[in-house]
Amino acid sequence: MLLALCVIAVILILAALLYTNYRSTRRRQGLEVALDDQREQAELLRKLIASERELRHSQEQLAHSELRFRAVMDNSPVPVALLDRNGMVAYINLAFEQTFGYQHSDVPTLTAWRSNAYPDASYGQSVEEEWTRRLRLLEQENAPFQPLEVHVRCKDGTVKTVLAEAAYLAGLENLYVSTFYDITNRKQIEAELSALSAEYAQVIRSLPVGIFRYRICTDGRERFDYVSDLWCEQLGVTRQSVMADPASALRAFSSEDVTSFWTFRRQKEHFHWQGQMVAPPTHRWLEVEATPQILENGDTVWSGIQSDISLRRQIEEALTFERQSLLNILWATDVGTWEWDMHTGALRINERWATIAGYTRAELGEISIETWNRLVHPEDGSRSEKLLKQHFLGETNYYECEVRLRHKSGRWIWILDRGKVITRDKQGVPLTMAGTHLDITSRKQAEAILTQQREELSRSNNELEQFAYAVSHDLRQPLRMVHSYIQLLERRLQDILNDDTRGMMGYAREGAIRMETMLVSLLEYSRVGRSGEPMAIMDSTDALNEALRFLQPAIGEANARITISGDWPTVQASRDELTRLFQNLVGNALKYRLEDRVPEVTLSVQPEEDHWLFRVQDNGIGIAPEQTSRLFKVFQRLQSKDKYEGSGVGLAICKKIVDHHNGQIGVESHGEGEGCTFFFTLPMVDSATASHL
């Protein structure tokens, strides 16, 4: 429009000038040329009018073209901007305004556009430099403008990703048009696809199986479309090698396995194949499962998985071996087996189960739990049922019961019946149970004989103890008489006895005294466990302190040092027997001392697992290690009776006391002159036992 107005103004000015010139000429030349001037002016006016008409037509066409241009641009879904070389924005279309939110007044120049669209100055500068470089290539070298991906901040603050392109307009070299293709959604989809692809790849990597796709083309060519990393690792190949040569994937297998594989892959249905790699360094087993799909072009694509089943094969082989071993054990141990379906009552047994009862499986007919009920002894059946209920309720880990079964011959045999629930329903109700039958008839007979022998032995021991008590008690009176009469004879015959006869009389007197001492010791030994105080919960220090009070004279005489360490526990013991135990052990430490050494006796205690360990350590004469086995026997002495008094029964009494308390006793010594340590154990007392007692 502006151009048209300018043209009209020029025409009017020219007409005015021509008219002025006409009047001036007319006055100068006169009337004779007036007519010629009028003709010329009329012709000029005609031409001017024609030019005006043409100009108006051109203006109309230009206006129409502008309307058409705006209609096309505003209806275009692609944002478009018209710019000149000076950085002025001449025009933006409706799509530009709708996409970015900017009006023409918001971005009249490239500078305004850059400050709005690229708030990050460094990013905006880099975009402008790259845009200018590509425009220069387009202008100078006529090279195609390479689309530039940029991130544009819209007026509402959102950011869109666009592909920007540019092109110079034909005939208007000063102007160029820029188009912006909004690829925000595409980039988002690409990002989501990339994330899904990464997730899919991660899933593939995390799978314990290899993945592959194998294609058989209609023209006979075959290839792998895809193989996972694990698939390659399992086969010991690279992806490049199997893509180039599919047959290389099977070179590690035997020819038989390869033949079977190629046979399978030519089928048109699901296949399952196993093969073992024979090439070193591995001999793993692989399993392949695949399903074919026939494509529209006729190609067959096998999609499948490949699993390393080496461990499973080892387990299967181990299970087969164990199963055979179990069968061998069952055969060797002569054990009968049974499986009970508690829902139906069906009972599955092996041949040995029937043989134990004197039958064959065929003779027993249809075998069920009623077969068991028919054969078991009534008294044992009720006891077995009670134990089974306890196991069903989870009170016991397994069921075990010794029962009597009626043999085919009519006699009763003893069976050790053991079993365990192997399946339960969701409510915990037992469904199936399995177990064994072991013929223990011979054992039960041996136990009966052993019980009878034990009773006889106990009775004999009681009689022996009573005999020892009677002998040790009743023989003391005759010995006292012998000792008294020897003393009388010595007094009456002292004037006529010579040295030899006087020495003989002394030996006889000492023998009688020693005999009485031994009888007293034997009497004390026989009383252990029979005549002492009953077992009770007591403080072990009470027994120790009482023993030390009894030994106080001996301690003072030897000038001994007694040391007590440790936290002394509460124990279950007979008070007088435990006191006697400490008295004998500490007394021995005082008795068997070295003359040139002050006796030192250390008493200590410490916990060990389920018992208490007591120690009595001294610095006395010590014991040769090879002699320790004799110490706890009756009338066994390691030292001369002339040097150390004693009957040789004290340590035997200690052992009998410890045995009576379910403990153990022993001694340690590095040899003679090195001292020794006597130790014994007593069971720990739990709180339940203590409260009960």
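All values derive from a computational prediction rather than experimental measurement. (Residues numbered from 1 in each chain as written. Predicted model: local features only at pLDDT ≥ 70, side-chain atom pairs only at ≥ 80, totals over all residues. Heavy atoms only, no water.)

Re the sheet that holds strand 17 (residues 561–564)
Link 1 in the chain: What the 5 strands build is an open sheet, ordered 17-19-20-22-21; its pairing is mixed. On the outer flanks of this sheet lie strand 17 and strand 21 (665–668), each paired with one strand and no other. Strand-to-strand twist of the sheet, defined as the mean angle between neighbouring strand axes without regard to direction, takes the value 20°. (Pairing = 2+ DSSP bridges. Helix = DSSP H or I, 4+ residues; strand = E, 2+ residues; numbered from the N terminus. Axes fitted to C-alpha atoms, helices over the stretch in contact; angles between N-to-C directions.)

Looking at helix 5 (residues 121–140)
Link 1 in the chain: Here helix 5 spans 28 Å end to end across 20 residues, near enough to the 28 Å set by a 1.5 Å rise per residue.
Link 2 in the chain: Just downstream of helix 5, Asn142 is the residue with a positive phi angle, here 55°. (Expected span 1.5 Å × (residues − 1).)

Some details on the environment of Gln103
Link 1 in the chain: Looking at the element boundaries, Gln103 is found in the loop between helix 3 (94–100) and helix 4 (110–117).
Link 2 in the chain: Residue classification places Gln103 among the partly exposed positions, given a relative accessible area of 39%.
Link 3 in the chain: When the C-alpha atoms of Gln103 and Lys155 are compared, they prove to be 9.6 Å apart, with 52 residues separating the residues in sequence.
Link 4 in the chain: Excluding residues that lie within four positions of it along the chain, Gln103 makes contacts with Ile92 and Glu97. (Buried < 20%, exposed > 50% of the residue type's maximum accessible area, 1.4 Å probe, protein only. Contact = heavy atoms within 4.5 Å.)

Structural notes on the sheet that holds strand 6 (residues 209–216)
Link 1 in the chain: Read across the sheet, 5 strands follow the order 7-6-10-9-8 without closing on themselves; strand pairing throughout is antiparallel. Strands with a single pairing partner mark the edges of an open sheet, and in this sheet they are strand 7 (222–227) and strand 8 (271–276). Here the strands of the sheet are splayed against their neighbours by 25° on average, with no regard to which way each runs.

Some remarks on the packing of aromatic side chains
Link 1 in the chain: Within the structure shown, the criterion is met by 21 aromatic pairs.
Link 2 in the chain: Arranged with centres 5.4 Å apart and planes meeting at 50°, the rings of Phe96 and Trp113 form a pair that is tilted. With Phe96 in helix 3 and Trp113 in helix 4, this residue pair connects regions lying 17 residues apart in the sequence. Grouping residues by exposure puts Phe96 and Trp113 together as buried.
Link 3 in the chain: Summarising the aromatic geometry, the rings of Phe100 and Phe180 are spaced 5.8 Å apart at their centres and angled 85° between planes, so their arrangement reads as edge-to-face. With Phe100 in helix 3 and Phe180 in strand 5 (residues 172–182), the pair connects residues that are 80 residues apart, well separated along the chain.
Link 4 in the chain: Owing to a relative accessible area of 1%, Phe100 belongs among the buried residues under this scheme.
Link 5 in the chain: Looking at Phe180, the relative accessible area reads 8%, which means it is buried.
Link 6 in the chain: Sitting above the plane of the Trp285 ring, Arg313 keeps its charged end 3.7 Å from the centroid.
Link 7 in the chain: Geometry around Tyr398 places Arg418 over its ring, the cationic atom sitting 4.8 Å from the centre. (Phe/Tyr/Trp six-rings, centres within 6.5 Å; stacked < 30°, edge-to-face > 60°. Lys NZ or Arg CZ within 6 Å of the ring centre and 35° of its normal.)

Read these as layout, nothing more, since geometry by itself doesn't imply function.
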